[in-house]
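Fold and geometry: a report
Given next are the chains, with one letter for each unit.
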Amino acid sequence: MSRATLALLALLVGLGGALGGFFYGRAQGVQDEAARRDGQAVQQMERLIESHRGLIDEANAASGALRAAQAQRAAQDQRFSREFRNALRFSAAARAGCRFDDDSVRQLESARERAAAAAAGGGAAVVPGAASAAGR
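Here we summarise the structure given alongside this text. (Residues numbered from 1 in each chain as written. Predicted model: local features only at pLDDT ≥ 70, side-chain atom pairs only at ≥ 80, totals over all residues. Heavy atoms only, no water.)

**Brief notes about the pattern of salt bridges**
Any two side chains of opposite charge can pair, so long as their charged atoms come close to each other. To keep it simple, the criterion reads: Note on definitions: salt bridges are taken to be side-chain nitrogens of Lys or Arg within 4 Å of carboxyl oxygens of Asp or Glu. Every helix listed is a DSSP run of H or I at least four residues long, and every strand listed is a run of E at least two residues long, numbered separately from the N terminus. We call a residue buried when its accessible area falls under 20% of the maximum for its residue type, exposed when it is over 50%, and partly exposed in between, using a 1.4 Å probe and counting protein chains only.
For the coordinates displayed, the defined rule picks out four salt bridges. A salt bridge links Arg 36 to Glu 33; its shortest N-O distance comes to 2.4 Å. You can see Arg 36 and its partner Glu 33 sitting in helix α1 (residues 3-90), three residues apart, about one turn around the helix. Note on Arg 36: relative accessible area 41%, which makes it partly exposed. Taking the shortest distance from any N to any O, the salt bridge between Asp 77 and Arg 73 comes out at 3.2 Å. Separated by four residues within a single helix, Asp 77 and Arg 73 lie in helix α1, roughly one turn from each other.

Shown next, in the form of structure tokens:
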């Protein structure tokens, strides 16, 4: 083999190694870039999950507060109903045979509707108004 052939062969081997190194480095760079993007995506997902966890905790706290308020309201309503029934029972004899004029009845109906609307709007749950509760 002549020197020129050996030189050409060495040049081809060197060029092949350089090309192999270039493509290997390029593939490694693409992998590194993909790994970096994957890492960023994972960090974004972790932040999103953490933010959702905070929202869930806030919703649970608000739900607990609503349940406590509803329980307190129900206890007050029961206490008022018991006291009201007792008051009506004690005054039943005085009310027996009592008659009201039309104007008084209209005023009582208006007051009942206003009270029912105020009661229906005061709680967290939807409560039927006076007309639907009376079956009208």
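**Description of the packing of aromatic side chains**
The description of an aromatic ring pair uses the distance of the two centres, along with the angle that the planes make with each other. The test is simple: Each pair of aromatic rings taken from Phe, Tyr and Trp, with Trp reduced to its six-membered ring, is defined by centres within 6.5 Å and is described as stacked if the planes are under 30 degrees apart, edge-to-face if over 60, and tilted in the remaining cases. Any Lys NZ or Arg CZ found within 6 Å of a ring centre and within 35 degrees of that ring's normal is scored as a charge over the ring.
Under the definition given, this model contains two aromatic pairs. Consider the rings of Phe 22 and Phe 23, whose centres lie 5.1 Å apart with planes at 70°: the pair is edge-to-face. Taking 5.7 Å as the distance between ring centres and 15° as the angle between the ring planes, the aromatic pair formed by Phe 80 and Phe 84 counts as stacked. Of the two residues, Phe 80 and Phe 84 both sit in helix α1, four residues apart, roughly one turn of that helix. Since its relative accessible area comes to 45%, Phe 84 is described here as partly exposed. Seen from the ring of Phe 90, Arg 89 lies directly overhead, with NZ or CZ sitting 5.9 Å from the centre.

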